Amino acid sequence: MEKLVVIGLGLIGGSLALDLKKRGNFKVYGVDQNPDHIKKALELGVIDQEISFSEIADAAVIIIAVPVNIIPKLTAQVLDIISEETLVFDVGSVKNEICKAVENHKKRKNFVAAHPLAGTEFSGPEAAILNLFDHKVNIICEADKTDWKILDAAISLFKQLNMRIKMMNPVEHDRHIAYVSHLSHISSFMLGKTVLQIEKNEQAIFDMASTGFASTVRLAKSNANTWAPIFLENKENIIRSLDEYIKNLNEFKSLIVNADDNGLKVTMNETNYIKSILNGIKDND
């Protein structure tokens, strides 16, 4: 069996470990600074064995699944010690800083900058689930900088996970993801914060929360230790997306203040076009 090392045993790292144990010919080793994560991952069968960082050099595959602010430095440290045949890939949702950090590394060819678009609002090894990546998109950035044999091995692995592959420039990736993912999380956090500030009666929130509220605020349950670094690493793109979002909120507020029935309907009808885009995505899955 090939040696696969997962560094960071949270939702994504843990789910990759589970799926690749099931679908590939791997013995899965785990590295995590949190001893409770190691203990829980072993108890749940997420990993086969704990390993120290100094023991990863002979791995066939190394997955870096730590917070995005740690990935650039850690990736360079991993590349420093691996063999010429090792595949290294990360799963961070901000790519440009990672790509810049290793662009001149002598083993840059061993690295694949990846972002699997999958997840839930839960965290830790206990959140790891099988089949999380089925039919999801995995974005690869700067594929031309990876050795073709390493890249081929990565794509083969992603296909074992039933993922669809998209190639993208890291700058474009970070700009797009700020709108379609990072802004969604900010909106959910702030909706939850607003409701908690206005409605002090927790039972009333529980009793009156519709399925619409529950689905809209779902992402507010996400781990702050994961998401604060994401917001800061993609700061410029997120600020631009927030400026546009706040402008639209103020415009919508003005329509309500002015009792502009027609303006409200026009705005909402125009926004209904998002259904066509999302239905198209579902049809392509």
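Structure report, in brief.

Description of the overall build of the protein chain
The secondary structure content of the protein chain amounts to 12 helices and eight strands. In terms of overall size, the protein chain behaves like a compact globule, its C-alpha atoms giving a radius of gyration of 21 Å where 285 residues would be expected to give roughly 19 Å. When the backbone C-alpha atoms are referred to their principal axes, the protein chain occupies close to 65 × 40 × 35 Å. Counting every position in the protein chain, which comprises 285 residues, the buried fraction comes to 44%. Of all intrachain contacts in the protein chain linking residues separated by at least 6 positions in sequence, the fraction that spans at least 24 positions is 73%. Each charge class in the protein chain can be summarised by its mean position, and for the 32 positive and 37 negative side chains these summaries are 1 Å apart.

Looking at the packing of aromatic side chains
For the structure shown, the criterion picks out two aromatic pairs. Ring geometry for Phe89 and Phe158: centres 5.1 Å apart, planes at 80 degrees, overall edge-to-face. Taken as a pair, Phe89 in strand E5 (residues 87-90) and Phe158 in helix H5 (residues 148-160) lie far apart in primary sequence, 69 residues in all. A relative accessible area of 2% places Phe158 in the buried class. Between Trp227 and Phe231, the aromatic rings sit 5.7 Å apart at their centres with planes inclined by 40 degrees, giving tilted as the arrangement. Here Trp227 pairs with Phe231, and both are found in helix H9 (residues 224-233), just four residues apart, close to one helical turn.

Side note on the packing of helix H6 (residues 170-198) against H9
At a minimum axis separation of 11 Å, H6 and H9 run at an interaxial angle of 125 degrees. When the axes of H6 and H9 are compared, the pair comes out oblique. With respect to the hand of their crossing, H6 and H9 are arranged in left-handed fashion. Here H6 contributes Ser181, His182, His185, Ile186 and Phe189 to the contact with H9, which in turn contributes Trp227, Ile230 and Phe231.

Comments concerning the environment of Ile56
With respect to the helices and strands, Ile56 occurs in the loop between strand E3 (49-50) and strand E4 (61-64). Owing to a relative accessible area of 0%, Ile56 belongs among the buried residues under this scheme. A C-alpha to C-alpha distance of 8.1 Å links Ile56 and Ile81, two positions 25 residues apart in sequence. Residue contacts for Ile56: discarding those within four places in its chain leaves Val5, Ile7, Val31, Ile51, Ile62, Val78 and Ile81.

Here's the deal with the pattern of salt bridges
Inspection of every chain in the model, using the stated rule, returns 16 salt bridges. The partner of Arg23 in a salt bridge is Asp19, and the shortest N-O contact between them spans 3.3 Å. Of this pair, Arg23 and Asp19 both sit in helix H1 (residues 11-23), four residues apart, roughly one helical turn. Note on Asp19: relative accessible area 0%, which makes it buried. With its nearest N and O atoms 3.4 Å apart, the salt bridge here joins Glu121 to Lys221. Here Glu121 is found in the loop between strand E6 (111-116) and strand E7 (137-141), whereas its partner Lys221 is found in the loop between helix H8 (211-217) and H9, with 100 residues between them in sequence. Given a relative accessible area of 8%, Glu121 falls into the buried group. By relative accessible area, Lys221 is classed as exposed at 52%.

Cut-offs and rules
Residues numbered from 1 in each chain as written. Predicted model: local features only at pLDDT ≥ 70, side-chain atom pairs only at ≥ 80, totals over all residues. Heavy atoms only, no water. Helix = DSSP H or I, 4+ residues; strand = E, 2+ residues; numbered from the N terminus. Rg over C-alpha atoms; globule rule 2.2 N^0.38 Å. Buried < 20%, exposed > 50% of the residue type's maximum accessible area, 1.4 Å probe, protein only. Contact = heavy atoms within 4.5 Å. Lys, Arg positive; Asp, Glu negative; His and termini not counted. Charge placed at Lys NZ, Arg CZ, Asp CG, Glu CD. Phe/Tyr/Trp six-rings, centres within 6.5 Å; stacked < 30°, edge-to-face > 60°. Axes fitted to C-alpha atoms, helices over the stretch in contact; angles between N-to-C directions. Parallel < 35°, antiparallel > 145°, perpendicular 65-115°, else oblique. Left-handed = near helix turned anticlockwise from the far one by under 90°. Salt bridge = Lys/Arg side-chain N within 4 Å of Asp/Glu carboxyl O.

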